[in-house]
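# Breakdown of the fold
Residue-level listing of the chains:
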Amino acid sequence: MEAQASTETARSHSRLDGLVALVTGASRGIGASVARELHDLGARVVITSREKERADLLARDLDTVPHELDVRSVDSVQRCVEEVIAAEGRLDILVNNAGVNRLQSALEVDEETWDWIMDTNLKGPFFMSQAVATAMIQAECRGTIVNIASQAGLVALDSRAPYSASKSALIMLTRSLAFELARHDITVNAVAPTFVETDLTANALKSESGRREILAHIPLGRLAEPEDIAHAVGFLVTPGARQITGHTLVVDGGWTIS
């Protein structure tokens, strides 16, 4: 009986039954894998994307409805969160996944590129977190927020100055929000992936020489898959991680340990 009770307790700490999760940028890559992971853990998952056709396909698989969202626009953010609350009645989990990058030398970056990256990767997560946390506080429910950062926020990488700056700032934003929102029983954490096999890294990984150079920095000798990042997010949003906040979980195969 004790063993059975222990198993049931462990199961309850790793499940999201009855909870509602919102994942931004969920039409492909890491976002889509995170959405599937949270769905498999029992959550009702709401996805957002600017790619309607891809989002519609995933939404059908998850028995949900996609919401249009441009994270760079505060009006779009507020409208999306209001629509989700009205449709679902609650919002327990936010995963700020939407992100962009453009490989350019720091000497070639123009203002449009800088603003596009910063508005998507930093401004978006801040105002999404603000809107969702406000709704969580009003509902007096325990909430959890996870930001998808990057190892590029921890170590310098070539031709990624704006991206690295945005992800480094996102890691600090995670800590700041965790500190402020702890009094409301809202945890805020980040996951920092290494290179993951997605559309975002396709240019960096398309040549064999480029791929070998990247793998040479990863002690485990392999790239991450979207599912690796999804599993990390899944852990951080379950009740079993309720005492973890302000933490950045690095999923990098060991890149940043040397």
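Overview of the structure. (Residues numbered from 1 in each chain as written. Predicted model: local features only at pLDDT ≥ 70, side-chain atom pairs only at ≥ 80, totals over all residues. Heavy atoms only, no water.)

### Some details on helix H5 (residues 111-139)
With 29 residues, H5 extends 40 Å between its outermost C-alpha atoms, agreeing within 8% with the 42 Å of an ideal straight helix rising 1.5 Å per residue. A bend of about 40° at Asp119 is the largest found in H5. A positive backbone phi angle near 55° is found at Glu140, which sits one or two residues after H5. (Helix = DSSP H or I, 4+ residues; strand = E, 2+ residues; numbered from the N terminus. Expected span 1.5 Å × (residues − 1). Bend = angle between axes of the 7 residues up to and from the residue.)

### Digging into the packing of aromatic side chains
Counted by the stated rule, this structure contains 2 aromatic pairs. Consider the rings of Phe126 and Phe127, whose centres lie 4.9 Å apart with planes at 85°: the pair is edge-to-face. (Phe/Tyr/Trp six-rings, centres within 6.5 Å; stacked < 30°, edge-to-face > 60°.)

### Some details on the sheet that holds strand E1 (residues 20-23)
If you trace the 7 strands from one edge of the open sheet to the other, you get E3-E2-E1-E4-E5-E6-E7, paired in parallel fashion. Of all the strands in the sheet, just strand E3 (67-68) and strand E7 (248-251) have a single pairing partner and so form its edges. Taken together, the 6 bridges between strand E5 (residues 143-148) and strand E6 (residues 186-193) define a ladder with parallel strand orientation. Looking across to E6, one finds that Ile145 is bridged to Val188. Where helix H2 (residues 29-40) meets the sheet, it contacts E1, strand E2 (44-49), strand E4 (93-96) and E6, and its direction lies at approximately 175° from that of E1. (Pairing = 2+ DSSP bridges. Contact = heavy atoms within 4.5 Å. Axes fitted to C-alpha atoms, helices over the stretch in contact; angles between N-to-C directions.)

### What to know about the pairing of E1
Every second residue of E1 is oriented toward a common face, with Val20 and Leu22 on one face and Ala21 and Val23 on the other, all of them buried. As paired strands, E1 and E4 are joined by 3 bridges and run parallel to one another. Paired with Leu22 across the two strands is Leu94, which belongs to E4. (Buried < 20%, exposed > 50% of the residue type's maximum accessible area, 1.4 Å probe, protein only.)

### Observations regarding the pattern of salt bridges
A complete count under the given rule lists 7 salt bridges for this structure. A salt bridge links Glu88 to Arg44; the shortest N-O distance between them is 3.2 Å. Placement of Glu88 in helix H4 (residues 74-88) and of Arg44 in strand E2 is noted, with a sequence separation of 44 residues between them. In this structure Arg44 comes out as partly exposed when scored by relative accessible area, which is 33%. For Glu112, the salt bridge is made with Arg102, and the minimal N-O distance between the two is 3.2 Å. Linking Glu112 in helix H5 with Arg102 in the loop between E4 and H5, this pair joins segments that are 10 residues apart in sequence. (Salt bridge = Lys/Arg side-chain N within 4 Å of Asp/Glu carboxyl O.)

### Details of the side chain of Thr187
Checked against the element boundaries, Thr187 lands in strand E6. Assessed through its relative accessible area of 4%, Thr187 is described here as buried. Filtering out sequence-adjacent residues up to four positions away, Thr187 remains in contact with Arg142, Gly143, Thr144, Ile145, Arg242, Ile244 and Thr245.

### Description of the nonpolar core
Ranked by size, the top nonpolar core spans 31 residues in total, and within it Leu38, Ile47 and Val191 carry the most contacts. In terms of residue count, the dominant contributor to this core is helix H9 (residues 226-237) (6 residues). Residues Leu69, Met136, Ile145 and Leu173 belong to the second largest nonpolar core, which totals 30 residues. (Core = buried A, V, L, I, M, F, W, Y, C linked by side-chain atoms within 4.5 Å.)

Honestly, it's all geometry; don't read function into it.
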